[in-house]
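Examination of the molecular architecture
As a plain string of letters, each chain reads:
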Amino acid sequence: MNIVDIIIKKRDGNKLTNEEIQFFVKGVTDGSLADYQISAFLMAVFFQKMDVEETACLTMEMAKSGGMVDFTDIAGFKADKHSTGGVADTTTLILAPLVASVGVPVVKMSGRGLGFSGGTLDKLESIPNFDISVSEEQAIAYAQKTNIVIMGQTADLAPADQKLYALRDVTGTVDSIPLIAASIMSKKIAAGADGIVLDVKCGSGAFMQTLEQAELLAGIMADMGRHVGRKVTAVISGMDQPLGMYIGNSLEVIEAIEVLKGNVQGDLLEVSLVLGAHMLLLAEHVSTVEEGKALLLGQIQNGEGLAKFKELLLQQGGDVNVIDDYSLLPASKCKKEILVEQSGYLNEMNTALIGRASLETGAGRAFKGQELDFGAGIILKKRLGDYLEIGDILAEIYAETEKMCASAGQYILDAITVDDTKGELPPLILKILSE
Ligand code: URA
């Protein structure tokens, strides 16, 4: 078998056999395929797609490319959550401590930024000394003690995904249903969670732009999870504007802490509570979503969620003083305010362009392995439906240079649509595919 033949076969729109997919995944894993061949294969899949059978085979081969994690030593139902990727989507940093604080263990393997979307690992690494490299044994010990671990994939967990993920990030091959489904579900199948809540983002700042695409992706992933005996709920949530107001690594950590302190209401809090409540429902810790949301909100109000976040930082070496002193987090040198240039109602945001603006500040990667500027990013000052006056501050940009700030600012101005009449606000939760 030859990789060039396989690339050409997919490039020309043909269905691959299981043996061909196995050959590809093996070559990715053992390093015998070059990055340019892997990238060409990814681009061929991006354009020609894969059917459900090919996607399932790719997923299982990627899951088997390393070892399977065994978390059975952690007592209780282990709940996990995974987002398909959005902008200002800091829900993991909020819901993981909240869910863990009510006694449901959260052992979360998170990822880095992908395309214009941010990644939990990058955000956590912006906290001085926070260690995301946790071994399986350590994770079990941590979870037994505190109920919470947020870590990177261990080197042995779905290594094929680790390679493909890093290449997709920088080759324009992220927004593909088979590639996203295989990436997420290979990790979830190889990792030890009993129940998974999938947050399938839909809208201008998501890899799935329409409800139809989002439902297709959600359905494929849920079927694969259930097929291997996991409980799965898929929540399709809106991404027609950034979920929170802060975009960038240390900036998103600040916003998550503010939510845990009870200082932030709105969409970010709501989606965190909905996803967290579904984790509790899968764990049979509550019997309705409303009960779950109320319980988690109570954990914000009584300070238990923030206390659990502090425990997480202490456990993994992070500086807990950042919770009360945000100046201990990295901050970029330059700051620029972007002012509104046209008055009217803010009716649309091209959220992918806002994510793109964040890459321009240095908060995301343009090439594989690029070091991030953890202090870079954007604070948005307006949301959809707001009335804008000329001269209002639309956003604050943080970056290393004035030039980067200016470039990011232009993306933000290009991303917004302002009208004389107020448009309808897009829905926040579009659909829930329950167990
Ligand atoms: N998260 C992943 O782990 N993989 C994707 O492809 C998208 C989001």
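Everything here concerns the structure above.
As a starting point, this report considers the structure included with it. (Residues numbered from 1 in each chain as written. Predicted model: local features only at pLDDT ≥ 70, side-chain atom pairs only at ≥ 80, totals over all residues. Heavy atoms only, no water.)

Right, let's talk about the overall build of the protein for a bit. Regarding its fold elements, the protein presents 16 helices and 13 strands. The C-alpha radius of gyration of the protein comes to 21 Å, within 12% of the 22 Å expected for a compact globule of 435 residues. In terms of overall dimensions, the protein has a C-alpha envelope of 60 × 50 × 40 Å along the principal axes. In the protein, which comprises 435 residues, the share counted as buried stands at 59%. Restricting the contact set of the protein to residue pairs at least 6 apart, pairs at least 24 apart contribute 78%. For the protein, the exposed surface amounts to about 16,700 Å²; the carbon and sulfur share of it is 50%. Here the protein carries 37 positive and 59 negative side-chain charges, and the mean point of each set is 2 Å from the other. (Helix = DSSP H or I, 4+ residues; strand = E, 2+ residues; numbered from the N terminus. Rg over C-alpha atoms; globule rule 2.2 N^0.38 Å. Buried < 20%, exposed > 50% of the residue type's maximum accessible area, 1.4 Å probe, protein only. Contact = heavy atoms within 4.5 Å. Areas by Shrake-Rupley, 256 points an atom, 1.4 Å probe, with all protein chains shown as cover. Lys, Arg positive; Asp, Glu negative; His and termini not counted. Charge placed at Lys NZ, Arg CZ, Asp CG, Glu CD.)

Which parts of space are left empty comes out when a probe the size of a water molecule is rolled across the atoms. Approximately 340 Å³ is the volume found for the largest pocket. Looking at the lining of the largest pocket, the element that brings in the most residues is helix α8 (residues 159-169), giving five residues. Its residues assigned to classes, the lining of the largest pocket comprises five nonpolar, eight polar and six charged. Split by domain, the residues of the lining of the largest pocket number at least three in each of domain 2 (79-324) and domain 3 (330-419). Estimated volume of the second largest pocket: approximately 260 Å³. Lining the second largest pocket are 15 residues, with K49, S176, I177, P178 and Q213 positioned closest to its centre. Listed by contribution, the elements that provide at least two residues to the lining of the second largest pocket are α4 (52-63), α9 (177-190) and α10 (211-227). Here the element with the most residues in the lining of the second largest pocket is α10; it accounts for three residues. Within the lining of the second largest pocket, the residues separate by chemical class into nine nonpolar, three polar and three charged. (1 Å grid on protein atoms, 1.4 Å probe; cavity = no way out; pocket = protein on both sides within 12 Å on 5 of 7 lines; lining within 4 Å. Points joined across faces, edges and corners; volume = space filled by probe spheres on them. Nonpolar A, V, L, I, M, F, W, Y, C, P; charged D, E, K, R; others polar. Domains from an automatic or database assignment.)

With that settled, consider the packing of aromatic side chains. What the rule picks out here adds up to four aromatic pairs. Between the aromatic rings of F46 and F47, the centroid separation amounts to 5.2 Å while the plane-to-plane angle is 90°, which identifies the pairing as edge-to-face. Assessed through its relative accessible area of 22%, F46 is described here as partly exposed. Judged by relative accessible area, F47 falls into the exposed class, the value being 58%. Ring plane angle 75° and centroid distance 5.0 Å describe the contact between Y345 and Y387, whose orientation is recorded as edge-to-face. Placement of the pair is Y345 in strand β8 (residues 344-349) and Y387 in strand β10 (residues 387-388), with a sequence separation of 42 residues. Owing to a relative accessible area of 24%, Y345 belongs among the partly exposed residues under this scheme. Under the relative-accessibility criterion, Y387 is labelled partly exposed at 40%. (Phe/Tyr/Trp six-rings, centres within 6.5 Å; stacked < 30°, edge-to-face > 60°.)

This part is about the packing of helix α5 (residues 91-101) against helix α14 (residues 304-315). In the contact formed by α5 and α14, the axes pass within 8 Å of each other and the chain directions differ by 105°. Overall, the two elements α5 and α14 adopt an arrangement that is roughly perpendicular. Here L93, P97, L98, A100 and S101 of α5 come into contact with α14, specifically with E304, G305, K308 and F309. In the contact of α5 with α14, the residues fall into five nonpolar, two polar and two charged. (Axes fitted to C-alpha atoms, helices over the stretch in contact; angles between N-to-C directions. Parallel < 35°, antiparallel > 145°, perpendicular 65-115°, else oblique.)

Okay, helix α7 (residues 136-146) next. Inspection of α7 places A139, I140, Y142, A143 and T146 among the buried residues, and these make up the whole buried set. Here the buried residues of α7 occupy an arc of 165° about the axis, which is enough to place them on one side. More than 90 degrees from the buried face of α7, the exposed residues found are E137 and K145. Summarising the contacts, the buried residues of α7 are in contact with β2 (106-110), β3 (148-152) and α14. After α7 finishes, the residue N147 shows a positive phi value of roughly 75°. (Arc of directions from axis to C-beta.)

These values are about where atoms sit, not about what they do.
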